[in-house]
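# Notes for the structure review
Here are the chains, one letter per residue:
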Amino acid sequence: MPALHLAQDRYGWLPPEALREVAEALDLTPAYCYAVASFYDMYHLEPVGRYEIAVCTNVSCALAGAQDVLAAFERELGVQAGGTTEDGEFSLSSFECLGGCGWATVVAVNWRYREHVTAGDVPGIVAELRGGEGAGDDA
Amino acid sequence: MSAPAVELVTVNVDGREVQVPKGTGMIETALAAGVEIPVFCYEPRLGPPVGACRMCLCEVEGMPKLQAACTLTAQDGMELRSAQTSAKAAEGQNAVLEFILLNHPLDCPDCDKGGECPLQDLTFRWGPSNTRMHFPKRTFEKPIPISPTISLDRERCILCYRCTRFSEGVSEDLQLVAAHRGAQSIITTFEEEPYRAHFSGNVTELCPVGALLPSTYRFRARPWEIDNTPTVCGLCPVGCNTWATTREGKVQRILSRNHPEVDDGWLCDKGRFTFDHLRAEDRLREPLVRVRRRGFEAVGYDDAVREVARGLREAGGSVAIAFSGGETVEQASALARLVRQGLGGDAAILPDDLDPAVDAFRAPLSAIRDAEICLVLGDEPVMERAPIVDLWLRAARRAGAEVVTVGPAGSVSTPPGSAAATSAELAGGGGSDELRDAGRRLREASRVAIVWSGDDHDSGRRAATLAASLGLGDGSGLYVLPRSPNGRGVAQAWYEAGEGRGFDPSGEEELGALIVSGDEAAYDPRVAQLAERARFVFATSMFTGDHTLWAHVVAPGTSYLERDGTVVNLEGRAQRQRRVVDPPHLDELELLARVGTELGVPIAPWAAEATVDDHAELAPRAQLEAPPEFAPAASTNGAGPGLELVVYRPLFSGPGVERVESLAFQRPAPEIELAHADAQARGIATGDTVTVGLNGSGRALRAAVRRKLRPGVARIAAEHADGLGSHVEVTKA
Ligand code: SF4
Ligand code: SF4
Ligand code: FES
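For every chain, the first residue of the written sequence is number 1, and numbering continues from 1 onward in sequence order. In the order they appear in the text, chains get letters beginning with A and ligands get numbers beginning with 1. Local features in a predicted model are, by the rule used here, given only for residues with pLDDT of at least 70; side-chain atom pairs are given and counted only at 80 or more, and totals for whole chains, interfaces and linings are based on all residues.

### Considering the overall build of chain B
- Only runs of H or I of at least four residues qualify as helices and only runs of E of at least two qualify as strands under DSSP, and these elements are numbered from the N terminus. Within chain B, the secondary structure is distributed over 19 helices and 33 strands.
- Taken against the 2.2 N^0.38 rule, which gives 27 Å for 733 residues, the C-alpha radius of gyration of chain B at 28 Å falls within 12% of a compact globule.
- Dimensions of chain B, computed from the C-alpha atoms along their principal axes, are close to 85 × 65 × 55 Å.
- Within chain B, counting contacts between residues at least 6 apart in sequence, those at least 24 apart form 71% of the total. We compute the radius of gyration over the C-alpha atoms and compare it with the globule rule, which gives 2.2 Å times the number of residues raised to the power 0.38. Note that contacts rest on C-beta atoms placed from the backbone: two residues are in contact if these are within 7 Å.

What follows is the structure in structure tokens.
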């Protein structure tokens, strides 16, 4: 799994070549690496944007209005959950528990958490990221 | 072997008491008590149970919730109630089935599994007759060919993970996997590449539903229209036990017929899918006789028999025979008697000539799995020569055995062709530190398996000497892999028909007559050379080939699926091959009997009546006569410029396989394997096109870099090595 992360850091996502390289290095098969990578949401089998926005939609967050937060992001970015904006800047996904239930709704931007997010905060977050500040590229 | 004393425990299943060894699986325990617990995912041959399907739910005294019985083992005093006596378990099982069927397409009338489908059977026997599912079912594109031989229907898949457990934990090819998770899980290969592995076909038998099916059987037959004949595969020296399914006199598929000591219920894809060669377009159906200037003419059997008898009689005792090694013992014996007793000839090309000393260390193949340490010697990849042996070795390693491979691609690296020298070193306690260490561990272990996979001169005797010097006792085994499926039986038949070995027909003299038995022999370049020196050549073969240009009489030959007789596998086990379908011409044995009559040699045209059981037992070990001393082994690795070429014979080759279109993807790619260091020095990476040859004349092949390969050595499949010498230079193209 760390090898998959390294490959993902290099490529930004896990294209077939990356899976082949990892397999070769670990004496496994690409199919096996693909199986592992596809199990976990944090591995990307398709290209993702510069900012990955993950909205937790698991129970606690759902109770705190996560669906509205997600819908707000969809509106603001013009993509559906699971998609990437045309300019390649943003990828949006709905996520299983991010482990921050006490601070619902949790939104992770490039795996940095923002807590107690409400639908109303969304335009602000997007504007901030568009402005180029905010969570950097360090995943 | 000192087996630890087994502790018996008493378990109560549905009110019936049964005693079983502690730790026995609950499914088997219940069966011992006469209770069937239905299962889908449970299959002990795939490793530890996974409890994926929940079909086996049972009530266990003292446990609040229903338990998956397949994950439990027998403990003393346990009380288990299956769905047959527990309403709670029955309800649970019902719910499980309803759940499994939620997305199942129920297209049974369209499904090849229908009529022999565990899901269909269990639903019928235990399941609900109705569903509350009113939403549209999940649909997939179907069927998807995951290889030219296997189709996958994802709608029917119940995610029992039998297939992926096989791929990961039995054949260890890691090509068929479950991707994504939960309800989105799908069975898949990487990037829609074909599932290309020697044992892929087994998943079609493991799948408890119609999700993975052999494409070659698609819409071919229904269970109530078929016959299953028990027979033995005749394509390699393992001799897996099989069922051949026929419909209206045609072979439609091959299934395993689990012999726990030989194959453990697995088949390789060669054994499973080669049957289509029976219908090859270039099959010979009539005898052919060469007529001056007019080429060949099809003739009746009377003429053919007369012509063969004439040619053989006129040879005046100068008769040689080339065997294929796939003949039954009865065929070989008829031929051997014809030559040695009827015609006074004494020369034969034997594909295998194992010293009988190996039988002093005879053991079932399954003993490999129980070994503490396995030693594999020789240049030929075990997987290519006797694939099931590779599975047993993998099973041994998973069970904790140390597997030491000695060879150019081994864990102990030795030069090509040095198995004989290495075995002498191992026996004498000499050699490199690594070898000495391995020798010590081999001597200390009480259960040892030695596999010898090479064409080294005199390998049988050398292997036996090694086994004797390492002190191999009961519980240990020696397995020398013959080149051909029944090479052992053929050699035995030849020896029995005359005095000893006779001689190898090499030399320069003219031959009166040459008999070429079968396609393998006909394709052997050595035999073609011999034919040039023979005044008369009689060949039997299934297919047309170059030999039909140099033979004088060619009679159509039979496939291993068309004859009745005995074959001896690598263990020395005599097994019964059955005629599954009739050949489209006279049986070879009957032809030989008629030639025999013409020449005054009595030959019974039929196989000795049912000599062997359906699951043949292994004969007891032979007595070891004092093993001969090691003759010093000549090192065969001659020096030369460039890389030393190791040529191996791939499993997916031979006259039968080459005629089966659906197996073309399994044939070896035009590829040369290079050692890591050699590749680096030449700036070559896997996938590069390289020029292979000497002095500028070369051919283009794809490079495959192997970390395990010994530097200075390159490896290639025989069919791509034509015309390449013992040493080659490899350059990036
Ligand atoms: S394809 Fe068959 S064997 Fe594989 S998981 Fe699905 S049902 Fe089980
Ligand atoms: S391993 Fe050998 S005997 Fe078994 S199925 Fe394959 S070819 Fe036939
Ligand atoms: S058979 Fe027990 S869970 Fe599948």
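Back to the write-up after that little detour.
### Re the overall build of chain A
- Looking only at helices and strands, chain A has six helices and four strands in total.
- Along chain A, helices (α) and strands (β) appear in the sequence α-α-α-β-α-α-β-β-β-α when read from the amino end.
- For 139 residues, the compact-globule estimate of 2.2 N^0.38 gives 14 Å, and chain A sits close to it at 16 Å.
- Any residue whose C-beta has 12 or fewer other C-beta atoms within 10 Å is treated as exposed, any with 20 or more as buried, and any in between as partly exposed, C-beta atoms being built from the backbone. For chain A, the proportion of its 139 residues judged to be buried stands at 32%.
- Restricting to contacts in chain A with at least 6 residues of sequence separation, those with at least 24 account for 57%.

### As for the site of ligand 1
- We count a residue as near a molecule or strand when its backbone-placed C-beta atom lies within 6 Å of that partner. The environment of ligand 1 is formed by 13 residues, the closest being Cys157(B), Cys160(B), Cys163(B), Cys207(B) and Ala211(B).
- Here the shell around ligand 1 is composed, by residue class, of twelve nonpolar, no polar and one charged. Each residue gets one label: Ala, Val, Leu, Ile, Met, Phe, Trp, Tyr, Cys and Pro are nonpolar, Asp, Glu, Lys and Arg are charged, and the others, such as Gly, are polar.

### Focus: the packing of helix α2 (residues 16–26) of chain A against helix α3 (residues 30–39) of chain A
All names here are of chain A.
- Simply put, an axis is a line fit to the C-alpha atoms, just over the touching stretch for a helix, and the angle between two N-to-C directions goes from 0 to 180 degrees. Two elements in contact, α2 and α3, have axes separated by 8 Å at closest approach and are oriented at 115°. Comparing their axes, α3 and α2 come out roughly perpendicular. In this structure, the crossing between α2 and α3 has a hand that is right-handed. Here α2 contributes Pro 16, Leu 19, Arg 20, Val 22 and Ala 23 to the contact with α3, which in turn contributes Pro 30, Tyr 32, Cys 33, Tyr 34 and Ala 37.
- Residue composition of the contact of α2 with α3, grouped by class: nine nonpolar, no polar and one charged. An angle counts as roughly parallel when it lies under 35 degrees, as roughly antiparallel when it exceeds 145, as roughly perpendicular when it falls between 65 and 115, and as oblique in every other case. By convention, the crossing between two helices is left-handed when the near helix turns anticlockwise from the far helix through less than a right angle, and right-handed when the turn is clockwise.

### Description of α2(A)
Residues and elements named next belong to chain A.
- Those residues of α2 lying buried are Ala 18, Leu 19 and Val 22. Down the axis of α2, the smallest arc covering the buried residues is 100°, so these residues share one side.
- Those residues of α2 that are buried lie in contact with α1 (2–11) and α3.
- Asp 27 lies just past α2 and shows a positive phi near 60°. Directions from the helix axis toward the C-beta atoms define the arc.

### Points about the interface of chain B and chain A
- Tallying the contact residues gives ten residues for chain B and ten residues for chain A.
- Among the residues making up the side of chain B that touches chain A, the classes are represented as five nonpolar, three polar and two charged.

### Section: the site of ligand 2
- Neighbouring ligand 2 are 13 residues; Cys233(B), Cys236(B), Cys240(B), Cys268(B) and Gly271(B) lie closest to it.
- Residues of the shell around ligand 2, tallied by class, amount to nine nonpolar, two polar and two charged.

### Here's the deal with the sheet that holds strand β29 (residues 671–675) of chain B
Residues and elements named next belong to chain B.
- Strand order in the closed barrel made by the six strands is β28-β32-β29-β31-β30-β33, with mixed pairing throughout. On average, each strand axis in the sheet is tilted by 45° relative to the strand beside it, whichever way the strands run.
- Sheet topology note: the strand β30 (residues 689–694)/strand β31 (residues 697–706) ladder contains six bridges and is antiparallel. Paired with Leu 694 across the two strands is Ser 697, which belongs to β31. Any two strands are treated as partners once DSSP identifies two or more bridges connecting them.

### Focus: the sheet that holds strand β3 (residues 107–109) of chain A
Residues and elements named next belong to chain A.
- In space, the four strands of this open sheet follow the order β2-β1-β3-β4, with mixed pairing throughout. Looking at the sheet topology across the chains shown, the edges are occupied by β2 (90–95) and β4 (112–114). Pairs of neighbouring strands in the sheet enclose a mean axial angle of 25°, with direction left out of account.
- Pairing of β3 with β4, which is carried by three bridges, proceeds in the antiparallel orientation. Across the sheet, residue Val 107 finds its bridge partner in β4, namely Arg 114.
- Contacts between helix α5 (residues 66–77) and the sheet are confined to β1 (51–56), β2 and β3, with β1 contributing the most and set at about 155° to the helix.

### Focus on the domain arrangement of chain B
- All the domain ranges listed were derived from an automatic or database domain assignment. Domain boundaries in chain B define domain 1 (8–100), domain 2 (288–353 + 487–599), domain 3 (356–480) and domain 4 (643–732).
- Taking only C-alpha atoms into account, the centre of domain 1 of chain B sits 41 Å from that of domain 3 of chain B.

### Digging into the nonpolar core
- When buried Ala, Val, Leu, Ile, Met, Phe, Trp, Tyr and Cys residues are joined through C-beta atoms within 7 Å, the set is termed a nonpolar core. Ranked by size, the top nonpolar core spans 205 residues in total, and within it Ala69(B), Cys374(B), Val389(B), Ile450(B) and Leu514(B) carry the most contacts.
- Apart from residues no more than four positions distant in its own chain, Cys374(B) is found in contact with Ile368(B), Leu393(B), Ala396(B), Ala401(B), Val403(B), Val404(B), Ala449(B) and Val451(B).

### Concerning the packing of α1(A) against α2(A)
Residue and element names in this part refer to chain A.
- Viewed as axis vectors pointing N to C, α1 and α2 meet at an angle of 145°, and their least axial separation amounts to 10 Å. The chirality of how α1 crosses α2 is right-handed. In contact with Ala 3, Leu 4, Ala 7 and Tyr 11 of α1, α2 contributes Ala 18, Glu 21, Val 22, Ala 25 and Leu 26.
- A per-class count over the contact of α1 with α2 returns eight nonpolar, no polar and one charged.

### Let's talk about helix α11 (residues 419–428) of chain B
All names here are of chain B.
- With nine of ten residues buried, α11 lies mostly within the body of the structure.
- For α11, the set of buried residues is Ala 419, Ala 420, Ala 421, Thr 422, Ser 423, Ala 424, Glu 425, Leu 426 and Ala 427.
- Tucked into the core, α11 has its buried residues touching β18 (373–377), β19 (402–407), α12 (433–444), β21 (448–452) and α13 (459–469).
- Immediately beyond the C-terminal end of α11, within one or two residues, lies Gly 429, with a positive phi of roughly 75°.

### Points about the environment of Ser147(B)
All names here are of chain B.
- With respect to the helices and strands, Ser 147 occurs in the loop between β6 (144–145) and β7 (150–152).
- Given 22 C-beta atoms within a 10 Å radius, Ser 147 is considered buried.
- Excluding its chain neighbours within four sequence positions, the residues that come into contact with Ser 147 are Pro 194, Tyr 195, Arg 196, Ser 200 and Phe 665.

### Comments concerning unusual backbone geometry
Residue and element names in this part refer to chain B.
- Cis geometry is found at the peptide bond from Lys 142 to Pro 143, where omega equals -15°.
- Along the chain, Pro 143 falls in the loop between α3 (118–126) and β6.
- For Leu 159, which is not glycine, the phi dihedral falls at a positive 55°.
- Positioned with a positive phi, Asp 264 is a non-glycine residue whose angle comes to about 55°.
- Structurally, Asp 264 is set in the loop between β13 (250–256) and α6 (269–273).
- Classification of Asp 264 by C-beta neighbours within 10 Å gives partly exposed; the count is 19.

### A look at the pairing of strand β1 (residues 8–13) of chain B
All names here are of chain B.
- Bridging between β1 and strand β2 (residues 16–21) involves six bridges; their strand directions are antiparallel. The partner of Val 9 across the bridge, within β2, is Val 20.
- What sits between the antiparallel neighbours β1 and β2 is a turn of two residues, in which Asp 14 has the positive phi angle 50°.
- Relative to strand β5 (residues 79–81), β1 runs parallel, the two sharing two bridges. When the bridges of β5 are listed, Val 13 appears paired with Leu 80.

### Observations regarding the environment of Thr274(B)
Residues and elements named next belong to chain B.
- The residue Thr 274 is located in the loop between α6 and β14 (288–291) in this model.
- Residue class for Thr 274 comes out buried when judged on the 26 C-beta atoms lying within 10 Å of it.
- Each C-alpha atom, one on Thr 274 and one on Arg 659, is 8.4 Å from the other, the two residues being 385 residues apart in sequence.
- Not counting residues within four places of it along the chain, the set of residues in contact with Thr 274 comprises Leu 235, Gly 656, Val 657, Val 660 and Leu 663.

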